[in-house]
Amino acid sequence: MARAVVTVPPRAKRGEIVEIKTLAQHSMETGFRRTQNGELIPRDIIRTFTCSYNGVEVCRVELHPAIAANPLIAFTTVATESGALTFRWDGDNGYTVTEIAPIKVE
Amino acid sequence: MSPRLLLLAFFVVAGAWAGEIPLEQRRSGYDLMSRETQKIQDDDATNPGMLWVLDGEALWSARAGTANRSCADCHGDAKASMKGVAARYPALDATRGKLLNLEQRINACRVDRQKASPLPYESKELLALEAYVARQSRGLPIAPKIDAKTKPFLEAGKEAFHRRQGQLNLSCAQCHDDHWGKKLAGSVIPQAHPTGYPIYRLEWQNLGSLERRLRNCVFGIRAQVPDLGSEELVDLELYLMWRARGMRLETPGVRP
């Protein structure tokens, strides 16, 4: 199960700054740890996170091995028009999660 | 028992009871952690434990086993049927004559009703189901049932809590009754109330059960670590729940 949770205010005033919080379920295995037998545990992390607002990219994050498991990414954007926010996480081993959240701007 | 042994036993007991925390002075580990960590827990949008709760919600209605039944087929909506359940576990299973914690109860249900194999301790699925069930009791007071039948388990748990063990020769009580609020290395010693289990522990980068936490502590005092699901741990869980009676559940808790 690859789960992600996004929190977007369902409605906002035009021009208002809205806070968006995202939480992705991922172990973020660094690639530097070893098993008890000394074998390297291969890296398995989320590499990028993007958020687009009606097709326009409003946030892009590059993730690296030192970032905690289940990364919480919170950011703000300006509510310009009603529509949808599309969130996408991409990572090692073909990890891809997409979430879509609607927003109503009045 | 010789008079000397009796006297020794008296001092052990008297010494143990002296440090018990008065009910009104009890504080959840939540109160002793940083404001930042409290905020992670408070907001469902930032609490990583909620990822497991959502997984558990999906598993609740997923059919399993040769009986091809889901939890929901018997128990219906967990929001109603599981409300308050986690607050009274560990509880006695009459047919088995054993004290079961919530994980063991879930597995007993899987084996008896779903005819499925039990989920391994600390597996993602078991923790998810436990978190989902316990989430339904958030805000409710902890109330394990103590009667003539469960009393022996409570006494055994109490004895384990006050027993010095390991190479450091420490009991749980010496830290958590007598020295809570002080520092052990850089960390505040909490009172050890199981108010938020299963917890998302930042150190683990993962969700974990009370038993995992207890095993951590036992390992820390360099004692023989009991197996997950062993009677000793379940008895201790019952004592800790009784010790935290009336305190509110916070599941899923976040701890440093």
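Fair warning: this is a prediction, and the values are worked out from it, not measured in the lab. (Residues numbered from 1 in each chain as written. Chains lettered and ligands numbered in written order. Predicted model: local features only at pLDDT ≥ 70, side-chain atom pairs only at ≥ 80, totals over all residues.)

Visitor: Describe the overall build of chain A, naming the residues involved and giving the relevant values.
Guide: Scanning chain A from N- to C-terminus turns up zero helices and eight strands. Listing the helices and strands of chain A from first to last along the sequence gives β-β-β-β-β-β-β-β. For the C-alpha atoms alone, the extent of chain A along its principal axes is close to 60 × 20 × 20 Å. Here chain A holds 106 residues, and the buried ones make up 21% of them. Of the contacts formed within chain A by residues at least 6 apart in sequence, a portion of 57% connects residues at least 24 apart. (Helix = DSSP H or I, 4+ residues; strand = E, 2+ residues; numbered from the N terminus. Buried ≥ 20, exposed ≤ 12 C-beta atoms within 10 Å, placed from the backbone. Contact = placed C-beta atoms within 7 Å.)

Visitor: Provide a residue-level description of the domain arrangement of chain B, including the pertinent values.
Guide: All names here are of chain B. For chain B, the domain assignment lists domain 1 (25-43 + 142-255) and domain 2 (49-135). Spacing between the C-alpha centres of domain 1 and domain 2 amounts to 22 Å. Tallying the contact residues gives 25 residues for domain 1 and 21 residues for domain 2. Taken together, the elements giving at least two residues each to the side of domain 1 that touches domain 2 come down to strand E6 (206-208) and helix H12 (231-243). When residues of the side of domain 1 that touches domain 2 are assigned to their parent elements, the largest contribution, five residues, is made by H12. Classifying every residue of the side of domain 1 that touches domain 2 by side-chain character gives 15 nonpolar, five polar and five charged. (Domains from an automatic or database assignment. Nonpolar A, V, L, I, M, F, W, Y, C, P; charged D, E, K, R; others polar.)

Visitor: Account for the interface of chain B and chain A, naming residues and giving values.
Guide: Taken together, the nine residues of chain B in the interface contact eleven residues of chain A. The element that contributes the greatest number of residues to the side of chain B that touches chain A is helix H4 (residues 49-60) of chain B, accounting for four residues. Here the side of chain B that touches chain A is composed, by residue class, of five nonpolar, three polar and one charged.

Visitor: Explain the sheet that holds strand E7 (residues 83-91) of chain A residue by residue, including any values.
Guide: Residues and elements named next belong to chain A. What the five strands build is an open sheet, ordered E2-E8-E7-E4-E5; its pairing is mixed. One side of each edge strand has no neighbouring strand; the edge strands of this open sheet are strand E2 (11-12) and strand E5 (56-62). Across eight bridges, E7 lies against strand E8 (residues 96-105) in antiparallel orientation. Paired with Asp 90 across the strands is Thr 96, a residue of E8. (Pairing = 2+ DSSP bridges.)

Visitor: Give me the sheet that holds strand E6 (residues 72-78) of chain A: which residues, what numbers.
Guide: All names here are of chain A. Spatial ordering of the open sheet is given by E1-E3-E6, a layout of three strands whose pairing is antiparallel. Among the strands making up the open sheet, the edge pair consists of strand E1 (4-7) and E6. Averaged over neighbouring strand pairs, the angle between their axes works out to 15 degrees when direction is ignored. Two strands pair when backbone bridges link them, and E1 and strand E3 (residues 17-24) are joined in this way by four bridges, in the antiparallel orientation. Across the sheet, residue Thr 7 finds its bridge partner in E3, namely Lys 21. (Axes fitted to C-alpha atoms, helices over the stretch in contact; angles between N-to-C directions.)

Visitor: An account of the packing of H4(B) against helix H8 (residues 124-135) of chain B is requested, with residue identities and associated values reported.
Guide: Residue and element names in this part refer to chain B. Orientation of H4 relative to H8, taken along the N-to-C sense of each, is 95 degrees, at an axis distance of 7 Å. When the axes of H4 and H8 are compared, the pair comes out roughly perpendicular. Seen from H4, the contacting residues are Gly 49, Trp 52, Val 53, Asp 55, Gly 56, Glu 57, Leu 59 and Trp 60; seen from H8, they are Glu 125, Leu 127, Ala 128, Leu 129, Ala 131, Tyr 132 and Arg 135. The residue inventory of the contact of H4 with H8, partitioned by class, reads nine nonpolar, two polar and four charged. (Parallel < 35°, antiparallel > 145°, perpendicular 65-115°, else oblique.)

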